[in-house]
Amino acid sequence: GAVVSQHPSWVICKSGTSVKIECRSLDFQATTMFWYRQFPKQSLMLMATSNEGSKATYEQGVEKDKFLINHASLTLSTLTVTSAHPEDSSFYICRAATYNEQFFGPGTRLTVL
Amino acid sequence: SQKIEQNSEALNIQEGKTATLTCNYTNYSPAYLQWYRQDPGRGPVFLLLIRENEKEKRKERLKVTFDTTLKQSLFHITASQPADSATYLCALASGATNKLIFGTGTLLAVQP
């Protein structure tokens with residue numbers, strides 16, 4: 001079946017640095033990529049939706065200048081957490097979707113010191 | 001406001017029994033509803049999808065019901081096993097955007 005990968009699977013960074021997380025659909029072309037964030041013992045919260053070649057649509061309360069999303073191709077989307085702070089520490093998960101299929105990535109654990 | 005709520009407490013059951021998880025929603029008109037399993041430190045794994053015009057769906061030991069009048073879905077695992085222990089999430093989607101919104105999740109623990 002289709003596979004979605006995320007890289008890195010985990011990252012630890014210092015406060016104030018930027019971190020880029022990649023999401024790749026390995027054997028299908030994802031017209032839409034969704035990014036979620038999950039804090040410990042909580043559910044997945046949708047952050048933004050991006051369609052290939054266009055700007056991402058952010059959910060209410062998510063800062064678009066802090067969480068930069070790029071969806072330059074049908075197989076790759078990136079989420080960059082700019083000037084990360086400890087409160088950004090979370091589990092970030094992407095979801096790649098076509099019209100009638102969708103698959104989640106394995107997630108990236110971000111820890112900001 | 002829109003809400004998707006699942007069993008608020010963790011669910012503990014004995015091996016071999018049927019686990020029943022609930023998902024209630026308000027102020028949504030979903031085109032379909034999905035159930036996922038999530039293990040610690042992992043992404044969600046798709047289990048079942050049920051559309052708004054379907055009442056029930058089955059897959060092996062899993063059964064999902066969908067009542068759009070009650071705005072509720074029930075997820076059943078029959079003959080439960082310790083390996084079924086995980087967090088189970090329901091998610092709603094509108095047909096137009098394919099955007100999935102998740103419920104709060106229920107932690108299921110199956111005791112041997």
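Data block above holds the structure.
Quick caveat: nothing in here was measured; it's all calculated off a predicted structure.

J.: Go over the nonpolar core, please, and point to the residues and values.
T.: Buried together is how nonpolar side chains tend to be arranged in soluble globular proteins. Residues A:Trp35, A:Tyr58, A:Phe67, A:Ile69, A:Leu79, A:Tyr92 and A:Leu110 are the most contacted members of the largest nonpolar core, which totals 25 residues. Contributing elements (two or more residues each) for this core: strand E2 (10-13), strand E3 (19-25), strand E4 (32-38), strand E5 (45-51), strand E7 (67-73), strand E8 (76-81), strand E9 (90-97) and strand E11 (108-112) of chain A. Those residues in contact with A:Tyr92, other than ones at most four positions away along the chain, are A:Gln6, A:Ile21, A:Tyr36, A:Arg37, A:Met47, A:Phe67, A:Leu79, A:Gly107, A:Thr108 and A:Leu110. Ranked by size, the runner-up nonpolar core spans 23 residues in total, among them B:Leu21, B:Phe75, B:Ile77 and B:Leu92.

J.: Now, about the interface of chain B and chain A: what can you tell me, with residues and values included?
T.: Each side of the interface is counted separately: chain B has 17 residues, and chain A has 19 residues. Summed over both partners, the interface of chain B with chain A buries about 1,200 Å², with 51% contributed by carbon and sulfur atoms. When residues of chain B are sorted by the area they lose upon contact with chain A, B:Asn98, B:Lys99 and B:Phe102 head the list and together hold 36% of the total. Notably, a salt bridge pairs B:Lys99 with A:Glu59, separated by 3.1 Å at the nearest N-O pair. Connecting chain B to chain A are 7 residue pairs in polar contact (both at pLDDT 80 or more).

Rules behind the numbers
- Residues numbered from 1 in each chain as written.
- Chains lettered and ligands numbered in written order.
- Predicted model: local features only at pLDDT ≥ 70, side-chain atom pairs only at ≥ 80, totals over all residues.
- Heavy atoms only, no water.
- Core = buried A, V, L, I, M, F, W, Y, C linked by side-chain atoms within 4.5 Å.
- Buried < 20%, exposed > 50% of the residue type's maximum accessible area, 1.4 Å probe, protein only.
- Helix = DSSP H or I, 4+ residues; strand = E, 2+ residues; numbered from the N terminus.
- Contact = heavy atoms within 4.5 Å.
- Buried area = accessible area lost by both parts, 1.4 Å probe.
- Salt bridge = Lys/Arg side-chain N within 4 Å of Asp/Glu carboxyl O.
- Polar contact = N/O pair within 3.5 Å; in protein donor to acceptor, adjacent residues only side chain to side chain.

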